[in-house]
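Listed here are the chains, written in short residue letters.
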Amino acid sequence: MKRTLKITSLLLVVLLTLGVFASCSPKPNDEPTTTESTTEESVVSITEETSETEKDTLTVSLGTDVDFIPYKYKDGEKLNGINIDFMNAVADKLGMNVEFKEVAAHSSHYDPENFDVYINQTNSDTFELQDAVFSKSYMTDTQSVIVKATTDYAVYDDFYSEFDADGYPVGVKDGIKIGVKRKTTGDIFASAPLNEWGFSKENVKEFNTNEEMINALKNDEITAIIIDDAIARKMIDNVSGLKILESSFYSADYQVAVVSDNTEKQTKIVNVINELIDVGTAQSIVDKYMEY
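What you see is a predicted model, and the numbers here were worked out from it, not measured in a lab.

K.L.:
Can you help me understand the overall build of the chain in this one?
P.N.:
Helix and strand counts for the chain stand at six helices and 16 strands. Of the accessible surface of the chain, which amounts to about 13,100 Å², a share of 44% is contributed by carbon and sulfur atoms.

And the structure:
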């Protein structure tokens with residue numbers, strides 16, 4: 001049975017302004033239920049000729065600081081990544097300009113008057129966002145576990161001290177501390193209770209940046225980092241002495257949440273996002289950045 005953690009706090013809008021388990025849940029790395037979409041070759045076009053000055057603006061909140069390769073990152077001053085290219089394609093299809101605004105993952109920026117879209121790895125099963133309309137799933141990624149290359153841990157189950165008769169963890173080994181990016185999907189999953197295959201909040205340490213987490217791991221201040229697999233693999237490519245454990249922590253479908261005071265505008269944006277998912281535009285963008 002799929003774990004569902006309903007989050008009503010506005011602080012968790014860390015996902016996407018456009019929108020990103022239960023006690024008898026399975027182990028977290030069970031496959032999620034996905035929304036099927038076609039993968040036909042896509043063509044994105046603007047149906048009407050509109051001058052740039054006359055175009056409306058699609059305002060996108062990135063939801064976190066921009067060090068989430070390959071989802072969003074900066075090459076000099078230029079924004080790149082899956083989320084950036086996807087929202088550019090959505091704006092192009094809508095015939096709108098696009099404006100990206102960076103918002104810290106742990107801040108409370110649930111503001112439909114200032115943002116149309118909040119795109120950061122999220123889904124409607126994990127987060128409950130007031131008045132948000134979620135798109136179809138545009139990709140699936142897992143939460144991977146990064147440790148020092150010299151560690152004796154092989155799988156994340158090794159972090160638990162004991163299990164009950166049904167196989168659920170009931171204790172965490174002394175000294176285990178899991179590092180996560182504050183108020184991200186990894187934070188929510190890792191901070192969940194033991195009977196939901198989390199580690200409980202007292203065994204989790206939150207960080208504001210990836211660099212802080214990596215330094216803490218290298219200095220033995222934490223045992224492991226839990227973060228999206230695509231990001232984890234970029235980390236170990238760029239930092240020596242780290243490895244990813246054999247077992248992934250959780251699998252999650254990622255959607256876009258659209259928030260607007262204007263229902264007509266909200267519906268229009270969601271429909272275009274779903275259209276670009278159906279025709280394969282989203283998948284082609286994911287394929288461009290995902291090397292593993």
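Structure shown, so let's carry the discussion forward.
K.L.:
Can you walk me through the packing of helix α1 (residues 82-94) against helix α6 (residues 281-289) in this structure?
P.N.:
Two quantities define a packed helix pair, namely the angle between the helix axes and the distance between the axes. The geometry of α1 relative to α6 is characterised by a closest axis approach of 9 Å and an angle of 150 degrees between their N-to-C directions. In terms of orientation, α1 lies roughly antiparallel with respect to α6. Relative to α6, α1 is oriented so that their crossing is right-handed. Of α6, the residues touching α1 (which contributes Ile82, Asp85, Phe86 and Ala89) are Thr281, Ala282, Ile285, Val286, Lys288 and Tyr289.

K.L.:
What am I meant to see in the sheet that holds strand β1 (residues 57-61) here?
P.N.:
By way of backbone hydrogen bonds, the strands of a sheet pair with one another, either parallel or antiparallel. If you trace the five strands from one edge of the open sheet to the other, you get β5-β1-β6-β16-β7, paired in mixed fashion. In this open sheet, the two edge strands, each paired with only one partner strand, are β5 (97-101) and β7 (133-134). Two strands pair when backbone bridges link them, and β1 and strand β6 (residues 117-118) are joined in this way by two bridges, in the parallel orientation. Bridge pairing in β6 links Val60 to Val117. The sheet contacts of α1 involve β1, β5 and β6, and relative to β5 the element is tilted by about 150 degrees.

K.L.:
In this structure, what is going on with the sheet that holds strand β4 (residues 78-80)? I would like to understand it.
P.N.:
Ordered in space as β2-β3-β4, the three strands form an open sheet in which the pairing is antiparallel. Either end of the sheet is taken by a strand with one partner, and the two such strands are β2 (67-68) and β4. As defined by bridge partners, strand β3 (residues 72-75) adjoins β4 across three bridges and the pair is classed as antiparallel. Paired with Lys74 across the bridge in β4 is Leu79.

K.L.:
I tried to follow the pattern of salt bridges on my own but got confused; where do I start?
P.N.:
Pairs may arise between side chains of opposite charge once their charged atoms sit close together. Summed over all chains, the structure comprises eight salt bridges. For Asp85, the salt bridge goes to Lys288, with nearest N and O atoms at 3.0 Å. Here the residue Asp85 occupies a position in helix α1, and Lys288 occupies one in helix α6, the gap between them amounting to 203 residues. On the basis of relative accessible area, Lys288 is assigned to the exposed category, the value being 56%. In this structure, Arg233 engages Asp229 in a salt bridge whose closest nitrogen and oxygen atoms are separated by 2.9 Å. Pair noted here: Arg233 and Asp229 are both in helix α4 (residues 229-238), with a separation of four residues, about one helical turn. You can call Arg233 partly exposed: its relative accessible area is 27%. With relative accessibility at 14%, the residue Asp229 sits in the buried group.

K.L.:
Would you mind showing me how to read the pairing of strand β12 (residues 204-207) here?
P.N.:
The two faces of the sheet receive side chains in turn, since in a regular strand these alternate between them. Bridge count between strand β11 (residues 178-181) and β12: four bridges; the pairing is parallel. Within β12, the residue paired with Val180 across the bridge is Glu206. Where the polypeptide runs from β11 across helix α2 (residues 185-191) and back to β12, its parallel neighbour, the crossover connection is right-handed.

K.L.:
Even after reading the chapter, I still don't get the pairing of strand β15 (residues 250-254), so can you show me in this structure?
P.N.:
Along β15, five of the five residues are buried, which leaves the element largely enclosed by surrounding structure. Burial along β15 is two-sided: Tyr250, Ala252 and Tyr254 and Ser251 and Asp253, pointing in opposite directions, are all buried. Here strand β8 (residues 139-148) runs beside β15; their pairing, made up of five bridges, is antiparallel. By the bridge assignment, Thr142 is partnered in β15 with Ser251.

K.L.:
Looking at this structure, I do not really get the nonpolar core. What am I missing?
P.N.:
Taken as a class, soluble globular proteins show a tendency for nonpolar side chains to be buried jointly. Membership of the largest hydrophobic core comes to 50 residues, with the highest contact counts inside it found for Leu58, Phe86, Met87, Val90, Ile119, Tyr138 and Ile146. Per-element tally for this core: the top contributor is α1, with eight residues. Judged by nonpolar contacts, the second largest core, of 21 residues, contains Val147, Tyr156, Val172 and Ile178.

Reading the values: the criteria
Residues numbered from 1 in each chain as written. Predicted model: local features only at pLDDT ≥ 70, side-chain atom pairs only at ≥ 80, totals over all residues. Heavy atoms only, no water. Helix = DSSP H or I, 4+ residues; strand = E, 2+ residues; numbered from the N terminus. Areas by Shrake-Rupley, 256 points an atom, 1.4 Å probe, with all protein chains shown as cover. Axes fitted to C-alpha atoms, helices over the stretch in contact; angles between N-to-C directions. Parallel < 35°, antiparallel > 145°, perpendicular 65-115°, else oblique. Left-handed = near helix turned anticlockwise from the far one by under 90°. Contact = heavy atoms within 4.5 Å. Pairing = 2+ DSSP bridges. Salt bridge = Lys/Arg side-chain N within 4 Å of Asp/Glu carboxyl O. Buried < 20%, exposed > 50% of the residue type's maximum accessible area, 1.4 Å probe, protein only. Right-handed = clockwise from strand over helix to strand, strands pointing away. Core = buried A, V, L, I, M, F, W, Y, C linked by side-chain atoms within 4.5 Å.

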